[in-house]
Amino acid sequence: MTEMVYCYDGSFDGFLCCIFESYARHEVLTAINSDEDSEPTLYPTRQVVTDRDHARRVYRKIRQLSPAAADLVRRGFLTCMPEMELQLYRLVAKLLREGPGFLRNLSDETLYPVLKAVRFLGAEAEKLRGFVRFSDFNGVLGSEIEPKNRILPVLRGHFCSRYQNEKFFIYDRTHREALFYADGKAVILPLEHFQMAPPDETEAAYRQLWKRFYDTIAIRERENPRCRMTHMPKRYWNTMTEFQGPEHFTPQGSPADGPAPSFPAGKSAPGRPSGPLPSAPGSSP
């Protein structure tokens, strides 16, 4: 069998097409790179075109063998695991070769890295459900996050259910994409350049109230920085209101100074997509 490096468009369907092509062409993959992360290599390279029918065939086969493995692959695709695509490819290859029996062995060398990454994804999502801080921009709620994983598809259901009567957006600085929600519809779109608008007087006042509340409930005599960073890791502080500098609380303009952000058409939320093969980053595991 020929050893190859595959390049694809970065979507979940595109990744499944890489698996399809490797079996159809009898090629062993040494690396799978998205177009934006492509690197020079000494191995021959093949550009894989995304074919939704091929992707459906692969995903349907994985689900037939193990629904748990299918969910693991979908969630694993959202993680920041090193060599993520290759690790998932090896997992699927072993599932097709040996069947689902090895999934019961949590220390299996193929399963463990994926399982560990998916657990980290879940833990990060749980933290961000409490750490996201929204600001009001003329009736539209907006926030920014800096996650390690592509967390927006996981957070979508939670925030769309919680704020189902609101309009809001959450911008992921790390992966340059944003979740938009309005009128019962949600969509995740790439957003290369984004700058949060400054607060008006009303929003600045709310930020000051939150900061005052945070400072008031603190018990200085029992201050324990190490314990705080255990429950509220420092890497989340950059986007949390209570840790910002004075400029974050300074009003600049009023609500009448500009129109509210508009929202693109999206799919219904917070329900799961109707098709069996959602494409990341717009998919929700």
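Note: the structure precedes this text.
Cut-offs used in this document
- Residues numbered from 1 in each chain as written.
- Predicted model: local features only at pLDDT ≥ 70, side-chain atom pairs only at ≥ 80, totals over all residues.
- Heavy atoms only, no water.
- Helix = DSSP H or I, 4+ residues; strand = E, 2+ residues; numbered from the N terminus.
- Buried < 20%, exposed > 50% of the residue type's maximum accessible area, 1.4 Å probe, protein only.
- Contact = heavy atoms within 4.5 Å.
- Areas by Shrake-Rupley, 256 points an atom, 1.4 Å probe, with all protein chains shown as cover.
- Core = buried A, V, L, I, M, F, W, Y, C linked by side-chain atoms within 4.5 Å.
- Axes fitted to C-alpha atoms, helices over the stretch in contact; angles between N-to-C directions.
- Parallel < 35°, antiparallel > 145°, perpendicular 65-115°, else oblique.
- Left-handed = near helix turned anticlockwise from the far one by under 90°.
- Nonpolar A, V, L, I, M, F, W, Y, C, P; charged D, E, K, R; others polar.

(A) Representation of the overall build of the protein chain within the structure. Each helix and strand counted, the protein chain has 8 helices and 9 strands in total. Each of the 285 residues in the protein chain was classed as buried or not, and the buried ones make up 46%. By sequence separation, contacts in the protein chain at least 24 residues apart represent 72% of the contacts at least 6 residues apart. Here the protein chain displays about 15600 Å² of accessible surface, and carbon together with sulfur accounts for 50% of that area.

(B) Representation of the nonpolar core in the model. Residues F15, L16, I62 and L91 are the most contacted members of the largest nonpolar core, which totals 37 residues. Broken down by secondary-structure element, the contributors of at least two residues to this core are β1 (2-8), α1 (12-24), β2 (27-34), α2 (52-65), α3 (67-76), α4 (84-98) and α5 (111-131). If you look at the next biggest cluster of nonpolar residues, it comprises 26 residues, including L78, L141, L179 and I188.

(C) Local environment of the packing of α4 against α5. It is at 9 Å that the axes of α4 and α5 come closest, and there the two elements cross at 125 degrees. With respect to each other, α4 and α5 are oriented oblique. As for how α4 packs across α5, the hand of that crossing is left-handed. On α5, the residues touching Q87, L88 and L91 of α4 are L111, P113 and V114. Of the residues assigned to the contact of α4 with α5, the class counts are 5 nonpolar, 1 polar and no charged.

(D) The arrangement of unusual backbone geometry in detail. For H26, which is not a glycine, the phi torsion comes out positive at approximately 55 degrees. Looking at where H26 falls in the secondary structure, it is placed in the loop between α1 and β2. The class for H26 is exposed, based on a relative accessible area of 53%.

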